[in-house]
Amino acid sequence: MNTLTVLLQQIGMFVIYIITGVILIRTKVLTRENLEIISKVVIKLSLPVMIFINTVNGVDRQSFFSSLSILGIAVVMYVCLLILGTLSGKVFHLHGEHLQLYRAMTVFGNVGFMGIPIVVSIYPEKGMLYMAVFTIIDQLMLWTLGVKLTSSEKESGTFNPKKLINPVTVAIILAMICVLTGIRIPLVLNTALQKMGATATPLAMIYLGGVFACIDVLSFVKKPDYYGITLIKMIGFPVLFYILLRLVPIPADIRMTMALTSAMPVMSSVVMMANASGSDGDYAMGGIVVTTLCSVLTLPVVSWIFQALG
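Residues numbered from 1 in each chain as written. Predicted model: local features only at pLDDT ≥ 70, side-chain atom pairs only at ≥ 80, totals over all residues. Heavy atoms only, no water.

Here we look at the environment of Asp-253
The line we're drawing: What counts as a helix is a DSSP run of H or I of at least four residues, what counts as a strand is a run of E of at least two, and both are numbered from the N terminus. Burial classes: relative accessible area under 20% of the type maximum marks a residue as buried, over 50% as exposed, and values in between as partly exposed (1.4 Å probe, protein chains only). Contacts are assigned to residue pairs with any non-hydrogen atoms lying within 4.5 Å of each other. Nitrogen and oxygen atoms within 3.5 Å of one another constitute a polar contact, given that in protein one can donate a hydrogen and the other can accept it, and given that sequence-neighbouring residues count only through two side-chain atoms.
Relative to the assigned elements, Asp-253 resides in helix α13 (residues 252-262). Assessed through its relative accessible area of 18%, Asp-253 is described here as buried. With 241 residues separating them in the primary sequence, Asp-253 and Gly-12 have C-alpha atoms 23 Å apart. Dropping the residues within four chain positions of it, Asp-253 is found in contact with Tyr-123, Lys-126 and Tyr-130. Within the structure, Asp-253 has its side chain in polar contact with the side chain of Tyr-130 (distance 2.9 Å).

The structure is reproduced here in structure tokens:
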């Protein structure tokens, strides 16, 4: 089964989950308050457990050290996206908080809930390893640069090192300890953690569908700056990034993983961080709505281009 076929299957499941979330809200099975509870369960339990158990089960010490090139590639990716976000934001005449949030949306993609399941489905043996290594840089950037970009003009956006200690980073640290020391998880615990981690993506997508049902989607769809993010972050940059990575002596699966990761729609944490700091969370939510809907088309397109380029 080729990469495009696997990707289409994953996107099909994402769409089903999102539609389910819409239906649950429309039929009043869920409310906006319930959605916030689901969000907390996913962020504080399901996602960290998924990262931990998939890494422990799919990574060994030798393969971990052989994949450390991803750290450098991830840093380059974020720097380039930040520059592109700044330039394109000015093209759309954005200022103040909206420009900062636009930059954040261009930089940070939905790696946890979409990137990880897609990559792991394409590369069952090493996909989780690559994503675990990438997440080290992803979380570092999110809680430093991300805090700055999502802070309101009244907030300083000062980096707090304590924010680096969160369920996801703890899961990564514990997983790396297990990998480097060879510690094995008891079968019963391993099975239980796998089943809990498997709920992360369905619950996250159901949450997004529920949120879409609670807001005026059409009002966001009309904003042209969101399509700037779509064209630059989700099509233009990933293709260029893939071409540039062909010049670097790295395995083809790492090249594909990093290029696909850069093509993900806007990360949901951008909205949460914006709301927490008093910035315009609704503007960030619009970016999530438009880019997530567009990703149903853009991800297969860029995947097809990657395969055509070889």
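With respect to the nonpolar core
Rules: In this text, buried Ala, Val, Leu, Ile, Met, Phe, Trp, Tyr and Cys residues form a nonpolar core when linked through side-chain atoms within 4.5 Å.
Phe-108, Phe-134, Met-258 and Val-270 are the most contacted members of the largest nonpolar core, which totals 96 residues. If one sorts the elements of this core by residue count, helix α7 (residues 127-150) sits on top with 14 residues. Contacts of Met-258, omitting those with residues within four sequence positions, involve Ile-70, Ile-73, Ala-74, Met-77, Phe-134, Phe-241 and Leu-245.

Re helix α1 (residues 3-26)
What counts here: Here a helix's expected span is defined as the number of its residues, less one, multiplied by 1.5 Å.
With 24 residues, α1 extends 35 Å from end C-alpha to end C-alpha; this agrees with the ideal 34 Å at 1.5 Å per step. Here α1 has its buried residues at Thr-3, Leu-4, Val-6, Leu-7, Gln-10, Ile-11, Phe-14, Ile-18, Gly-21 and Ile-25.

Section: the packing of helix α2 (residues 32-58) against helix α9 (residues 187-197)
In a packed pair of helices, the relevant descriptors are the angle between the two axes and the axis-to-axis distance. Quick reminder of the rule: Structural elements are reduced to axes, namely lines fitted to C-alpha atoms, with helices fitted over the stretch in contact, and the angle between N-to-C directions of any two is expressed from 0 to 180 degrees. Should an angle lie under 35 degrees it is considered roughly parallel, over 145 roughly antiparallel, and from 65 to 115 roughly perpendicular; all remaining angles are considered oblique. Here a crossing is called left-handed whenever its near helix is offset anticlockwise from the far helix by less than a right angle, and right-handed whenever the offset is clockwise.
One can describe the packing of α2 onto α9 by two numbers: an axis separation of 8 Å at closest approach and a directional angle of 130°. Between α2 and α9, the angle is such that the two are oblique. In this structure, α2 meets α9 at a crossing whose hand is left-handed. The residues of α9 that touch α2, namely those facing Leu-45, Ser-46, Val-49, Met-50, Phe-52, Ile-53 and Asn-57, are Asn-190, Leu-193, Gln-194, Met-196 and Gly-197.

Some details on a nonpolar patch on the surface
Convention followed: To count toward a patch, a residue needs a relative accessible area over 30% and no salt bridge; like charges are then connected within 9 Å, while nonpolar side chains (Val, Leu, Ile, Met, Phe, Trp, Tyr) are connected within 5 Å. The accessible surface values rely on the Shrake-Rupley method and a 1.4 Å probe; as for residues, cover is taken only from the protein chains in view. Salt bridges are identified by distance alone: a Lys or Arg side-chain nitrogen within 4 Å of an Asp or Glu carboxyl oxygen.
On the surface, a cluster of nonpolar side chains totalling about 520 Å² of accessible area is made up of Ile-165, Val-170, Ile-173, Leu-174, Ile-177 and Ile-183. Using a relative accessible area of 61% as the deciding quantity, one classes Ile-165 as exposed.

Description of the side chain of Ser-88
Within the secondary structure layout, Ser-88 lies in helix α4 (residues 69-91). At 2.8 Å, the side chain of Ser-88 forms a polar contact with the backbone oxygen of Leu-84. Look past the residues within four positions of Ser-88 in its chain and what remains in contact with it is Tyr-102 and Ile-232.

Description of the packing of aromatic side chains
A ring pair, where both rings are aromatic, is described by two values, the distance of the centres and the angle of the planes. Condition: When two rings of Phe, Tyr or Trp (its six-membered ring) have centres within 6.5 Å they constitute a pair, described as stacked for plane angles under 30 degrees, edge-to-face for angles over 60, and tilted for the intermediate range.
Enumeration according to the criterion identifies 7 aromatic pairs in this entry. Ring geometry for Tyr-78 and Phe-134: centres 6.0 Å apart, planes at 25°, overall stacked. With Tyr-78 in helix α4 and Phe-134 in helix α7, this pair connects stretches of sequence that are 56 residues apart. By relative accessible area, Tyr-78 is classed as buried at 1%. Each ring, one from Phe-92 and one from Tyr-102, has its centre 6.2 Å from the other, and the planes form 50°; the classification is tilted. Here Tyr-102 lies in helix α5 (residues 96-107) and Phe-92 lies in the loop between α4 and α5, a separation of 10 residues in the sequence. A relative accessible area of 29% places Phe-92 in the partly exposed class. Clustering of aromatic rings is evident, with ring pairs tying together Tyr-78, Phe-108 and Phe-134.

Some points on the environment of Cys-80
Within the secondary structure, Cys-80 is located in helix α4. Note: C-alpha distance between Cys-80 and Phe-237 (157 residues apart in sequence) is 8.7 Å.

What about helix α8 (residues 167-181)?
Between its first and last C-alpha, α8 extends 21 Å over 15 residues, near the 21 Å set by a 1.5 Å rise per residue. The complete set of buried residues in α8 reads Val-168, Thr-169, Ala-171, Ile-172, Ala-175, Met-176, Cys-178 and Val-179. Where α8 is buried, its residues meet α2, α3 (61-66) and α7. The N-capping residue of α8, defined by a side-chain oxygen 3.0 Å from the backbone nitrogen of Val-168, is Asn-166. Gly-182, located one to two residues past α8, shows a positive phi value of around 80°.

A short note on the side chain of Thr-150
For Thr-150, the location among the structural elements is in helix α7. Looking at Thr-150, the relative accessible area reads 3%, which means it is buried. In terms of polar contacts, Thr-150 uses its side chain to reach the backbone carbonyl oxygen of Gly-146, at 2.7 Å. Excluding residues within four positions of it along the chain, Thr-150 makes contact with Leu-101, Ala-104, Val-270, Met-273, Ala-274, Ser-277 and Ser-279.

Quick word on unusual backbone geometry
A positive phi angle, near 65°, is found at Lys-28, a position not held by glycine. Mapped onto the fold, Lys-28 is located in the loop between α1 and α2. One non-glycine residue with positive phi stands out, namely His-93, at about 60°. Note that His-93 resides in the loop between α4 and α5.

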